[in-house]
Every structure is written in structure tokens, then in C-alpha cells.
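Remarks on the overall topology
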Amino acid sequence: MTTIDVGEVKDVLKVERVGVHSHIVGLGLSNTLEAMSVAEGMVGQLPARRAAGLVVKMVKEGRIAGRSVLITGDAGSGKTAIAMAMARALGSDTPFESITASEIFSLEFSKTEALLQSLRKAIGVRIKEETEV
Ligand SMILES: Nc1ncnc2c1ncn2[C@@H]1O[C@H](COP(=O)(O)OP(=O)(O)OP(=O)(O)O)[C@@H](O)[C@H]1O
């Protein structure tokens, strides 16, 4: 009987994935909320980072509640990066989950359900639904 050496087979499910935003640890602002050119994994985008810092400050002071922040810009311009930096700046216990619009539109269930699932995932809630037939 012949044996074939197939080498090391890696379990693809256990391969650690490095996120594209793993370098971001905060907004990289000074005490006066000025954006430093390179800090906390962020580079450039100074006015946007300063504006995000003001929003983070308002959240921390409890002056903004039940509101959303809309970040617009070209593809790959750093919208998700700013959002993640805001979450990091709010503290390590701040949940962050990013979803892409194309993901939602390709799903068969409702958009509201997709958003709810994402929110649950962000805060670590798992709901098991059982139906008796
Ligand atoms: N100011 C920045 N400093 C450091 N890295 C950045 C900055 N802006 C963007 N990046 C990095 O560049 C890449 C693209 O940015 P990002 O995904 O945030 O763009 P986007 O506007 O959300 O893109 P899309 O519209 O395609 O979702 C990411 O790896 C992100 O971490």
C-alpha cells in the first residue's frame, strides 16, 4: 500500500483572522480634542477625527442619547475606521459590529431582523428559538 504525504492540514476554522481595522485603538486626539497626525493607529482625516471626538465627548457627558451619527464618504475613505475608533475611544466595553449594506440586501430575511441580529451580536446576546411542531 502506498502512503501519500499530504503535509500539515490546517483547520481553517481555527486560523486567526486579523481584522482590517485591528490597528485602530482610538481616535488619536490630544487633551484639547485636536487630532494628532499619527496616533492610536489613525493617520490623517484630522477634521473628521476631531468631529468624531466631539461626538464621543458628548456621549461620555451624557449629552447625546437616542441619536445616530451618519458618516459619509467614498468607498474605502475610512468611515468604518472612524466608527471603530469612536467605539474604542468610548471604552473597551463598548460593543462594535460592522455590517455592509450589500450583506443586508442579499439576506432573505427582513432588513429590521438583520439589524436586530447585528445589534444582538454586538452586545453578545444569543437567542435560541424553539418551535414545537
Ligand atoms: N485615518 C485612518 N487611519 C488609519 N487607517 C485608516 C484610516 N482610514 C481608513 N483606514 C484603513 O483603511 C482601510 C479602509 O477604510 P474603511 O474600511 O474604514 O473605509 P470605508 O469608508 O468604511 O469603506 P467602505 O465604504 O468600502 O465600507 C481600513 O483598513 C481602515 O482601517
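All of the points below concern the structure found in this document. (Residues numbered from 1 in each chain as written. Predicted model: local features only at pLDDT ≥ 70, side-chain atom pairs only at ≥ 80, totals over all residues. Heavy atoms only, no water.)

**Here we look at the overall build of the chain**
A tally of helices and strands in the chain yields 4 helices and 2 strands. When the helices and strands of the chain are listed from N to C terminus, the series reads β-β-α-α-α-α. Within the chain, the fraction of its 133 residues that count as buried is 17%. Considering only contacts within the chain whose residues lie at least 6 apart along the sequence, 36% involve residues at least 24 apart. (Helix = DSSP H or I, 4+ residues; strand = E, 2+ residues; numbered from the N terminus. Buried < 20%, exposed > 50% of the residue type's maximum accessible area, 1.4 Å probe, protein only. Contact = heavy atoms within 4.5 Å.)

**Topic: helix α2 (residues 79–89)**
Taken as a whole, α2 has its buried residues at Ala81, Ile82, Met84, Ala85, Met86 and Ala87. Elements in contact with the buried residues of α2: β2 (42–43) and α1 (46–60). Gly91 occupies a position one or two residues after α2 and carries a positive phi of about 125°.

**Quick notes on the nonpolar core**
By size, the foremost hydrophobic cluster in this structure holds 14 residues, and its most contacted members are Ile24, Leu27, Met42 and Met86. Listed by contribution, the elements that provide at least two residues to this core are α1 and α2. It is α2 that contributes the most residues to this core, 5 residues altogether. Aside from chain neighbours lying at most four places away, what touches Ile24 is Glu40, Gly41, Met42, Ala81, Met84, Ala85 and Arg88. (Core = buried A, V, L, I, M, F, W, Y, C linked by side-chain atoms within 4.5 Å.)

**Points about the site of the ligand**
Taken together, 16 residues lie near the ligand, and His21, Val43, Lys79, Thr80 and Ala81 sit nearest. Notes on the ligand: free accessible area 630 Å², of which the protein chains cover 70%. If you list the elements that add at least two residues to the shell around the ligand, you get β2 and α2. Taken together, the residues of the shell around the ligand sort by class into 6 nonpolar, 8 polar and 2 charged. (Near = heavy atom within 4 Å. Areas by Shrake-Rupley, 256 points an atom, 1.4 Å probe, with all protein chains shown as cover. Nonpolar A, V, L, I, M, F, W, Y, C, P; charged D, E, K, R; others polar.)

**Points about the environment of Val43**
With respect to the helices, strands and loops of the structure, Val43 is situated in strand β2. In this structure Val43 touches Ser37, Val38 and Arg49, once residues within four positions along its chain are discounted.

Read these as spatial facts, not as claims about activity.
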